[in-house]
Protein chains: 4
Amino acid sequence: MSLNVKKIGVLTSGGDSPGMNAAIRAVVRTCAFHNIECAGVYRGYQGMIEGDFKEMGPRSVNNIINKGGTVLKSARSKEFMTEEGRKKAHANLVKNNIDALVVIGGNGSFTGALLFNKEFNFPVIGIPGTIDNDIFGTSFTLGYDTALNTVVEVIDKIRDTASSHNRLFFIEVMGRDAGHIALNAGIGAGAEEILIPEEDMGLDRLLDSLRKSKASGKSSSIVVIAEGDKIGKSAFELKDYVEENMPEYDVRVSILGHMQRGGSPSCFDRVLASRLGVKAVETLLEGKSNYMVGLIKDEITLTPLEQAVKGKTQVDKELIRVSDIVSI
Amino acid sequence: MSLNVKKIGVLTSGGDSPGMNAAIRAVVRTCAFHNIECAGVYRGYQGMIEGDFKEMGPRSVNNIINKGGTVLKSARSKEFMTEEGRKKAHANLVKNNIDALVVIGGNGSFTGALLFNKEFNFPVIGIPGTIDNDIFGTSFTLGYDTALNTVVEVIDKIRDTASSHNRLFFIEVMGRDAGHIALNAGIGAGAEEILIPEEDMGLDRLLDSLRKSKASGKSSSIVVIAEGDKIGKSAFELKDYVEENMPEYDVRVSILGHMQRGGSPSCFDRVLASRLGVKAVETLLEGKSNYMVGLIKDEITLTPLEQAVKGKTQVDKELIRVSDIVSI
Amino acid sequence: MSLNVKKIGVLTSGGDSPGMNAAIRAVVRTCAFHNIECAGVYRGYQGMIEGDFKEMGPRSVNNIINKGGTVLKSARSKEFMTEEGRKKAHANLVKNNIDALVVIGGNGSFTGALLFNKEFNFPVIGIPGTIDNDIFGTSFTLGYDTALNTVVEVIDKIRDTASSHNRLFFIEVMGRDAGHIALNAGIGAGAEEILIPEEDMGLDRLLDSLRKSKASGKSSSIVVIAEGDKIGKSAFELKDYVEENMPEYDVRVSILGHMQRGGSPSCFDRVLASRLGVKAVETLLEGKSNYMVGLIKDEITLTPLEQAVKGKTQVDKELIRVSDIVSI
Amino acid sequence: MSLNVKKIGVLTSGGDSPGMNAAIRAVVRTCAFHNIECAGVYRGYQGMIEGDFKEMGPRSVNNIINKGGTVLKSARSKEFMTEEGRKKAHANLVKNNIDALVVIGGNGSFTGALLFNKEFNFPVIGIPGTIDNDIFGTSFTLGYDTALNTVVEVIDKIRDTASSHNRLFFIEVMGRDAGHIALNAGIGAGAEEILIPEEDMGLDRLLDSLRKSKASGKSSSIVVIAEGDKIGKSAFELKDYVEENMPEYDVRVSILGHMQRGGSPSCFDRVLASRLGVKAVETLLEGKSNYMVGLIKDEITLTPLEQAVKGKTQVDKELIRVSDIVSI
């Protein structure tokens, strides 16, 4: 164990996701377990610049494991993109005797952490927290599993009304660059079609698929669309297009939006957060830096932060095939 | 008990709502209890015109009490608005020996039922099924309580992310003409402001309220807006207006949409549906017609259908005051 | 408005129930709205004796409306049953300038409040908070609606497995003296039989009912039993009895227990809590005392605390009939 | 693709688990996708013996992906343990032109499948369906993830009331031989201690741990106990023991029981079921037999059924350590 790390700072940055609180709790308690100090940094890098810190002990994180959002709050910080901002931040850490940092967030947050490390040789470890599951170096990001359940539960409700009225629903879910949520929640919700950024299905194939769906005797249909799907039309534009070409359909649109980021984390996300939090602190205590902790092939792993930031995740192509089969 | 009613038809019409299946189950089983027959009519009045009937016994409605939507499906029928359509419908009822009708739906469905009764002297009873709670003659419509819980659970999730980022959210809920959902779910979700069709709050008061809210130290804010609110601006237009006038706010919009109609009914809606279903059948068996069953002041009641259709419900003004106080 | 009340104390006492936090929030904010002070008393009467008070303003109760349990904690206090204990409690109130009390709890808590009022002429108002719905002077106690939903959701899950295996389940729910939960959740969950403290069904009728149920073609059965049911046998004894007499049944028992007290409150309970909290404070400000606020026949009401404590609620006999009909 | 398999039978056997319906749906639709027939076998091996089959096409499995339990029902069959019973079963398969079998269940079901294969050289593939996660050859069994969420949600509710009263709760969860549920749900629910069959914690360490927990300032405690925990005392006996040795604790017990098997499957279980169902059918079509499909290290795999039956899963020892750290 490193003799150097005596006090660790922890912050959440970027979009919040369920499980962040469970990760904060794990970081704080692992510090206590190893008899080192811990400070919470409020509002991400902005709070670091403003010196918005709070000493945290095991009892500071009571009863937060099941809460959505982040008790440390999150914010985007333009000031941290400037050298001056980062200098202020570093001075604050030094002043508070913080000698290592756990950053819970996504790619943007990790890029900031890397820069900070480079400039001040400050030890940093990243924990992947985002519902989008689009971070290289982990099979599951914190919050992703919860978001899938949220989406599936909502579509279950919409299907009640869809099948009562023989309707077609276009449902837009999060995922500007990644189709993980759309693909998995689409399969889970029994969607007839799934449109994702990674594949250009084309409008013709969509119409074709809807026609087959109707011909096969289905009385209602759900199409799940990722925000950034390749067809490049919004859910509302798709609705117009389909209604023009298939006037027999009564099409409705639902944009799920921000509810996907909230909610009490699933057991999976809570356990994952606990494991990653423990690993993050213990990695710092081993004197390592610039890694992201993750879960790959059922094991807790370390991936160099630089790789995590540059790498690109891919949707599992097998899942596209599975979706085509089970939606027959 | 009337000697005349030997077979009752039951249908769901208009927008579906949670609890409709529980009501169908109660109607079917009350018929069995009183040793009369029951037929389900599919797709509302349209199915009546097309003769889409199915004999139903107690076991036909197993395991549906907890399902959203309606197993009898629902549809809007233009043909039923014509005399010819209604004649066909009546002929089908006669051919199937159905001599009374339970209609589960909203105002439009009841208007059709009244007309049908007038033309053919056919016994009809209405059960109020809609999430909007906008039917005169009952304090609670079927599905309303479930919809309130759905809305509140979703806003709870959005608040997780709102308070993690110190944001202002405009959340649009159902209610084109009635603010019941917005007002009750708004209070339940701890909304800072609630905009409803019944009251013109005015843009100035909204801004004023948001300013006070900020000044009071609130870190995030939720404004709940009924579809048909009096200010007459969409949630997106309101967002623009507020951001222009209060640039310190990062405003987000969420339109909850159709998910509000679905979901497994709450216990309240299931019990209400059971009570109304029993009462509907027994009222027909007593030889009565043209009533809507309802729940007023904790008691099951009968209201003449004509009154139910014409009457106007009002939001409880006390609730507006309560909302102003508890959102301080 | 009374000139006398300048500071109100609020406490929760007895078993906790969902909606207590929403009521605390409403009490605290109504005080702020009327520009008077408010103090939270921790751990009920025990905390009053120990002087465990905390000043509360509108921001002290942020984000608690959706939380189960009670942030003020609850406890049973033997010391408060002694005159000496109550004198200490009164002295603490006086020392803290608290000149009126809102007590959120059940019958035992109200009895204590009445005694306290009699001895010290101290203004008290009660808010009925218990999942059992067994308090005279209100149609709904805080937490009851939430508990019904909790029970129904759990039985829905058990029915999944019951109907997959053609089993008979005995499910014990809370209600030592009152069958409200059993009766309403039983109907809501589609129970075949419901055993409550208010009616002695008798073992023979139970067997008879189960035989009919089997004969009618039902593949699985759920019997809901209130803790204090009149047959006077535990769920496990009933299981033995039924298996002896109907060996064709594979009987399982489930005791739902404490989970029924917890959980995020339903919208109904949150709105009710808000209304009751506002009314409690404003009643004190009008110079009144010794009342319980409640909801009767859709209206917020005042019932003399003495009556609330002595009165006995009754289950709605109509519901027993409804249950018999819809479980056919 | 094998020319031999023209019709596949699918059955569920043993205890039911969430996701079984999603797996049935996937099996049925994959058959349709590959233009072969599919028959559902009701009530497991017993229905096979009784010839209780039903032809299934893609529309037979509409709207079941989100349902708990199994639409094919499950049963234990003593007759299938006899050679005569299995002969009858085989004759029925032959008579119905079924030439391969997908068995969804646990170890007992797979043992039966192996025997059946050996005797009649009948192609079989297993899909691991049980909430206990105790099957060798897959990191996740169907229903396990859902059960974890169910347990965690219930304990969240119990914690509401535990922390309102400063109580100690012993909560017994499923797992006679395996501590997977207890360990993961215990971490997810923030349990102070977790007792599992795999480790003998000893009564002294339990008391010690509870004393530390109290000393550390925790106001309430949750201990999660697997049915088959090594200490060998029931939750009620543990309660007595602790209350005797630590009279300051007010201990309550909750046995979660059968609700853990039910409920709408999580997205994870639905996707897993879909993938395993596709793989099971396609493996048969490739002419293979006697495998169990599973998910290991993020990939769909085949494990010889014989190994699956004999192998023993182990709880992840790292998780025990994580639990000790994060419950500090």
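Residues numbered from 1 in each chain as written. Chains lettered and ligands numbered in written order. Predicted model: local features only at pLDDT ≥ 70, side-chain atom pairs only at ≥ 80, totals over all residues. Heavy atoms only, no water.

In the annotation of an unreviewed UniProt entry, chain A is listed under the name ATP-dependent 6-phosphofructokinase and assigned to Flavobacterium arundinis. Check the Catalytic activity (unreviewed entry) section of the UniProt entry for chain A; it says "beta-D-fructose 6-phosphate + ATP = beta-D-fructose 1,6-bisphosphate + ADP + H(+)". Taken verbatim from the UniProt record of chain A, the Subunit (unreviewed entry) comment is "Homotetramer." (UniProt positions renumbered as here; feature names shortened; annotations may be inferred.)

Attention now goes to the overall build of chain A. Looking only at helices and strands, one finds 11 helices and 11 strands in chain A. Taking 328 residues into account, the globule formula puts the C-alpha radius of gyration at 20 Å, and chain A, at 22 Å, falls close to it. Projecting the C-alpha coordinates of chain A onto the three principal axes gives extents of approximately 70 × 35 × 30 Å. Sorting the 328 residues of chain A into buried and exposed places 65% on the buried side. Partitioning the contacts of chain A with sequence separation of at least 6, the portion at a separation of at least 24 is 75%. The positive charge centre, built from 39 side chains, and the negative charge centre, built from 42, are 5 Å apart in chain A. (Helix = DSSP H or I, 4+ residues; strand = E, 2+ residues; numbered from the N terminus. Rg over C-alpha atoms; globule rule 2.2 N^0.38 Å. Buried < 20%, exposed > 50% of the residue type's maximum accessible area, 1.4 Å probe, protein only. Contact = heavy atoms within 4.5 Å. Lys, Arg positive; Asp, Glu negative; His and termini not counted. Charge placed at Lys NZ, Arg CZ, Asp CG, Glu CD.)

This next bit is on the interface of chain B and chain A. If you look at the interface, chain B gives 33 residues, while chain A gives 33 residues. Of the roughly 2400 Å² buried between chain B and chain A on both sides combined, carbon and sulfur atoms contribute 49%. Its largest share of buried area at the contact with chain A, chain B owes to Lys157(B), His258(B) and Met259(B), together 26% of the area lost on that side. Where chain B touches chain A, the interface holds 0 salt bridges. At the junction of chain B and chain A, the tally comes to 16 residue pairs in polar contact (both at pLDDT 80 or more). Elements represented by at least two residues in the side of chain B that touches chain A include exactly helix H5 (144-165) and strand S9 (251-255) of chain B. It is H5(B) that provides the largest number of residues to the side of chain B that touches chain A, a total of 9 residues. (Buried area = accessible area lost by both parts, 1.4 Å probe. Salt bridge = Lys/Arg side-chain N within 4 Å of Asp/Glu carboxyl O. Polar contact = N/O pair within 3.5 Å; in protein donor to acceptor, adjacent residues only side chain to side chain.)

Before going further, it helps to examine the interface of chain A and chain D. Contact residues are listed per partner, giving 55 residues for chain A and 55 residues for chain D. Summed over both partners, the interface of chain A with chain D comes to about 4300 Å²; 55% of that surface belongs to carbon and sulfur atoms. On the chain A side of the interface with chain D, the three residues burying the most area are Cys267(A), Val326(A) and Ile328(A), jointly 14% of the side's total. For the pair chain A and chain D, the number of links is 8 salt bridges. One salt bridge in this structure joins Arg270(A) and Asp156(D), with 2.7 Å as the shortest N-O distance. Joining chain A to chain D, the criterion identifies 24 residue pairs in polar contact (both at pLDDT 80 or more). Looking at the side of chain A that touches chain D, the elements that each hand over two or more residues are helix H1 (20-33), helix H5 (144-165), helix H6 (180-188), helix H9 (267-285), strand S11 (299-304) and helix H11 (317-326) of chain A. It is H9(A) that contributes the most residues to the side of chain A that touches chain D, 8 residues altogether. Here the residues of the side of chain A that touches chain D sort into 22 nonpolar, 16 polar and 17 charged. (Nonpolar A, V, L, I, M, F, W, Y, C, P; charged D, E, K, R; others polar.)

Taken together, the side chains of Glu153(A), Glu153(B), Glu153(C) and Glu153(D) present a region of like negative charge at the surface. Its location among the elements puts Glu153(B) in helix H5. (Patch = residues over 30% accessible without salt bridge, like charges linked within 9 Å, V, L, I, M, F, W, Y side chains within 5 Å. Areas by Shrake-Rupley, 256 points an atom, 1.4 Å probe, with all protein chains shown as cover.)

Time to look at the pairing of strand S6 (residues 168-173) of chain C. Every regular strand shows the same layout, with side chains that alternate between the two sheet faces. Residues and elements named next belong to chain C. With 6 of 6 residues buried, S6 lies mostly within the body of the structure. Covered by surrounding structure in S6 are Leu168, Phe170 and Glu172 together with Phe169, Ile171 and Val173, the residues of both alternating faces. In this structure, S6 lies alongside strand S8 (residues 221-226), joined through 6 bridges in parallel fashion. Each bridged residue has a counterpart across the sheet, and for leucine 168 the counterpart in S8 is serine 221. (Pairing = 2+ DSSP bridges.)

In this structure, two copies of a chain are linked by a rotation about an axis accompanied by a shift along it. Mapping chain A onto chain D calls for a rotation angle of 180 degrees and an axial translation of 0.0 Å; the resulting RMSD is 0.0 Å. These values place the two chain copies in the arrangement generated by a two-fold rotation axis. Closest to the rotation axis within chain A is the C-alpha of Lys297(A), separated from it by 1.8 Å. Comparing interface residues between copies, 100% of those in chain A also lie at the interface in chain D; the contact surface is shared. (Least-squares fit on C-alpha atoms with pLDDT ≥ 70 in both.)

To continue, consider the sheet that holds strand S3 (residues 53-55) of chain D. Residue and element names in this part refer to chain D. Pairing in this open sheet of 7 strands is mixed, and the strands run S3-S2-S1-S4-S5-S10-S11 from one edge to the other. In this open sheet, the two strands that pair with only one neighbour each are S3 and strand S11 (299-304). Geometrically, the sheet is characterised by an average inter-axis angle of 25 degrees between neighbouring strands, direction not taken into account. Examined bridge by bridge, strand S1 (residues 7-12) and strand S2 (residues 37-41) share 4 bridges and lie parallel to one another. Pairing of isoleucine 8 across the sheet is with cysteine 38, part of S2. (Axes fitted to C-alpha atoms, helices over the stretch in contact; angles between N-to-C directions.)

This next bit is on the packing of helix H5 (residues 144-165) of chain C against helix H6 (residues 180-188) of chain C. Residues and elements named next belong to chain C. The interhelical angle for the contact between H5 and H6, taken along N-to-C directions, is 50 degrees, at an axis separation of 9 Å. As judged from the angle between their axes, H5 and H6 are oblique. Considering only the axes of H5 and H6, their crossing is right-handed. On H6, the residues touching Tyr144, Ala147, Leu148, Val151 and Val152 of H5 are His180, Ile181, Asn184, Ala185 and Gly188. Grouping the amino acids of the contact of H5 with H6 by side-chain chemistry returns 7 nonpolar, 3 polar and no charged. (Parallel < 35°, antiparallel > 145°, perpendicular 65-115°, else oblique. Left-handed = near helix turned anticlockwise from the far one by under 90°.)

With that settled, consider the pattern of salt bridges. Per the counting criterion, the structure on display carries 84 salt bridges over all chains. Arg252(A) is paired through a salt bridge with Asp250(A); the nearest N and O atoms lie 3.3 Å apart. Residue Glu193(C) pairs with Arg205(C) through a salt bridge whose shortest N-O separation is 3.9 Å. Of this pair, Glu193(C) sits in strand S7 (residues 193-195) while Arg205(C) sits in helix H7 (residues 203-215), and the two are 12 residues apart along the sequence. On the accessibility criterion, Arg205(C) (42% relative accessible area) is partly exposed. Connected through salt bridges with shared partners, the residues Arg43(A), Glu50(A) and Asp52(A) form a single ionic network.

This brings us to the environment of Asn121(D). With respect to the helices and strands, the residue Asn121(D) is situated in the loop between helix H4 (107-120) and strand S5 (124-128). For the pair formed by Asn121(D) and Ala100(D), sequence separation is 21 residues and the distance between their alpha carbons is 10.0 Å.

Turning our eyes to something else, we now look at the side chain of Gln260(A). Residues and elements named next belong to chain A. For glutamine 260, the position within the fold is in the loop between strand S9 (251-255) and H9. Among the polar contacts made by the side chain of glutamine 260, one reaches the main-chain amide nitrogen of methionine 174 at a distance of 2.9 Å. Those residues in contact with glutamine 260, other than ones at most four positions away along the chain, are Ile131, Ala147, Thr150, Val151, Glu172, Val173, Met174 and Ile181.

All right, on to the relation of the copies chain B and chain A then. Rotating chain B by 180 degrees about the axis while translating it 0.0 Å along that axis superimposes it on chain A, leaving an RMSD of 0.0 Å. Take the interface residues of chain B: 100% of them recur as interface residues in chain A, which is what a same-surface contact looks like.

Moving on: the sheet that holds strand S8 (residues 221-226) of chain D. The strands making up a sheet associate through backbone hydrogen bonding, with each pair oriented either parallel or antiparallel. All names here are of chain D. Pairing is parallel in the open sheet, where 4 strands are placed in the order S7-S8-S6-S9. A single partner strand is all that each edge strand has here, and the edge strands are strand S7 (193-195) and strand S9 (251-255). With strand direction ignored, the average angle separating the axes of adjacent strands in the sheet is 20 degrees.

Attention shifts here to helix H7 (residues 203-215) of chain B. Residues and elements named next belong to chain B. Given a rise of 1.5 Å per residue, 13 residues ought to cover 18 Å, and the 18 Å separating the end C-alpha atoms of H7 matches this to within 8%. Residues of H7 that are buried: Leu203, Leu206, Leu207, Ser209, Leu210 and Ser213. Taken around the axis of H7, the buried residues stretch over an arc of 160 degrees, which confines them to a single face. Turned more than 90 degrees off the buried face of H7, the exposed positions are Asp204, Lys212 and Ala215. Close packing links the buried residues of H7 with strand S6 (168-173), strand S7 (193-195), strand S8 (221-226) and helix H8 (235-245). Of the residues trailing H7, glycine 217 is marked for its positive phi of about 100 degrees. (Expected span 1.5 Å × (residues − 1). Arc of directions from axis to C-beta.)

In this section: helix H3 (residues 83-95) of chain A. Residues and elements named next belong to chain A. Counted at 1.5 Å a residue, the expected span for H3 with its 13 residues is 18 Å, and the 18 Å between its end C-alpha atoms agrees. Those residues of H3 lying buried are Gly85, Arg86, Ala89, His90, Asn92 and Leu93. Buried residues of H3, viewed axially, fall in a sector of 160 degrees; they line one side. Pointing more than 90 degrees away from the buried face of H3 are the exposed residues Glu84 and Lys95. Close packing links the buried residues of H3 with helix H2 (44-50), strand S3 (53-55), strand S4 (100-105) and helix H4 (107-120). One or two residues past the end of H3 sits asparagine 97, with phi positive at roughly 60 degrees.

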